[in-house]
Structures are given as structure tokens and as C-alpha cells.
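# Notes for the structure review
Single-letter residue listing:
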Amino acid sequence: MEERTTTLHGLRVNYTIEGSGPSLLVLHGWGKGSDPYVKIQKDIASQGCYVVVPDLPGFGKSSPPATVWGVEEYVDFVLRFADTIGLRKFFLLGHSFGGQVALKLAVEHPDRLQGLILCAAAV
């Protein structure tokens, strides 16, 4: 697993990548970061997927936004993040709050997704 950083919205964003194959972007739940998803990331990557798990702004090792963000701001962030790391069309997995963001992204931008996976989504 490789840890990387990028800058979006003026924020430092931490993320991890693992594997190769179809792209799966994983969105964590509220109060979490990418750390609890290490085993899942490794397991899915071992099955032939390129798995990306960012720390959403304000969580894990990513900088917090200057103002309070709602779901819409996180959707915008995910789209810009995906563009920045070269994900044009991808599978999206959202857990808890990440599921709420994932569902809104899927409804508003279905052309970006190959599939949607929701786990205990807060919707």
C-alpha cells in the first residue's frame, strides 16, 4: 500500500492506493479516516482492483476545511479528487457518511460511475 498526498481546495489531502485493475474509490464514515479500511483495501486489491481510500477533508491526515462542509461540498471534493488522481469512471464504495456522499454523487453524476456499493449508508 502506498500513501500519497495532493492539494485540493487549498487543503492537504492524504490518500492510500493499492493494486491494479478496475478503480474502486472508498469513502469512509464520519469521524473516521482511511486507517480502518487498510485490511479491506488490501483484500479487494488482491482480487484485481485499484483501490483508493482518501482521508476526507477534516478527517485522518487531511486538512480541515475553513468552513463547515455539507454533503454537497464533499461531493464536489470527491469529483475534484477523482479528476486530480486520474479517475474518470470508477466504482464507488461509501460507508456511513461516505455512503451519503456516494449516493448523492451517483444521483447527480451517474456518468462517472461504473457501480455503487453502499455499506451501512447514512441515507
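Coordinates for the structure precede this section.
To start, this report covers the structure provided alongside it. Predicted model, so just to flag it, every value in this text is computed and none were measured. Every chain's residues receive numbers from 1 upward, in the order its sequence appears when written. Local features in this predicted model are restricted to residues of pLDDT 70 or higher, and side-chain atom pairs are both shown and tallied only at a pLDDT of 80 or more, whereas totals for entire chains, interfaces and linings draw on every residue. Based on all heavy atoms of the structure, the side-chain values leave hydrogens and waters out of the count.

## Some words on helix 2 (residues 71-84)
Applied cut-off: Secondary structure elements are defined from DSSP: runs of H or I of at least 4 residues count as helices, runs of E of at least 2 residues count as strands, and each element is numbered from the N terminus. Expected helix span is given by 1.5 Å per residue-to-residue step, counting one fewer step than there are residues. The buried label applies to any residue whose accessible area, calculated with a 1.4 Å probe on protein chains only, is under 20% of its type's maximum; exposed applies above 50%, and partly exposed to all values in between. For this analysis, residues touch if any pair of their heavy atoms sits within 4.5 Å.
Look at helix 2: 20 Å from first C-alpha to last across 14 residues, which is about the 20 Å you get at 1.5 Å a residue. Of the positions making up helix 2, those classed as buried are Val 71, Tyr 74, Val 75, Phe 77, Val 78, Leu 79, Phe 81 and Ala 82. Lining the buried residues of helix 2 we find strand 1 (2-8), strand 2 (11-18), strand 3 (23-27), strand 4 (50-54), strand 5 (90-95) and helix 3 (97-108). The positive-phi residue at the C-terminal boundary of helix 2 is Gly 86, with phi of around 85 degrees.

## Overview of unusual backbone geometry
Comment: phi is negative for the bulk of residues other than glycine, and the bulk of peptide bonds are trans. Residue His 9 is not a glycine yet carries a positive backbone phi of 55 degrees. Structurally, the position occupied by His 9 is in the loop between strand 1 and strand 2. For His 9, a relative accessible area of 38% corresponds to the partly exposed category. Phi is positive for Ala 120, which is not a glycine, with a value near 45 degrees. Note on placement: Ala 120 falls in the segment after strand 6 (113-119).

## A short note on the sheet that holds strand 6
Here is the rule: Following DSSP output, two strands are said to pair if at least two bridges run between them. To obtain each axis, a line is fitted to C-alpha atoms, and for helices this fit is confined to the stretch in contact; angles are then taken between N-to-C directions over 0 to 180 degrees.
In spatial order, the strands read 1-2-4-3-5-6; together these six strands make up an open sheet with mixed pairing. The sheet is open, and its two edges are formed by strand 1 and strand 6, each paired on a single side. Strand-to-strand twist in this sheet, taken as the mean axis angle between neighbours without regard to direction, amounts to 25 degrees. The sheet contact formed by strand 3 and strand 5 spans four bridges and is parallel. Within the sheet, the bridge partner assigned to Leu 24 lies in strand 5 and is Phe 91.

No statement about biological role is implied by the geometric values presented.
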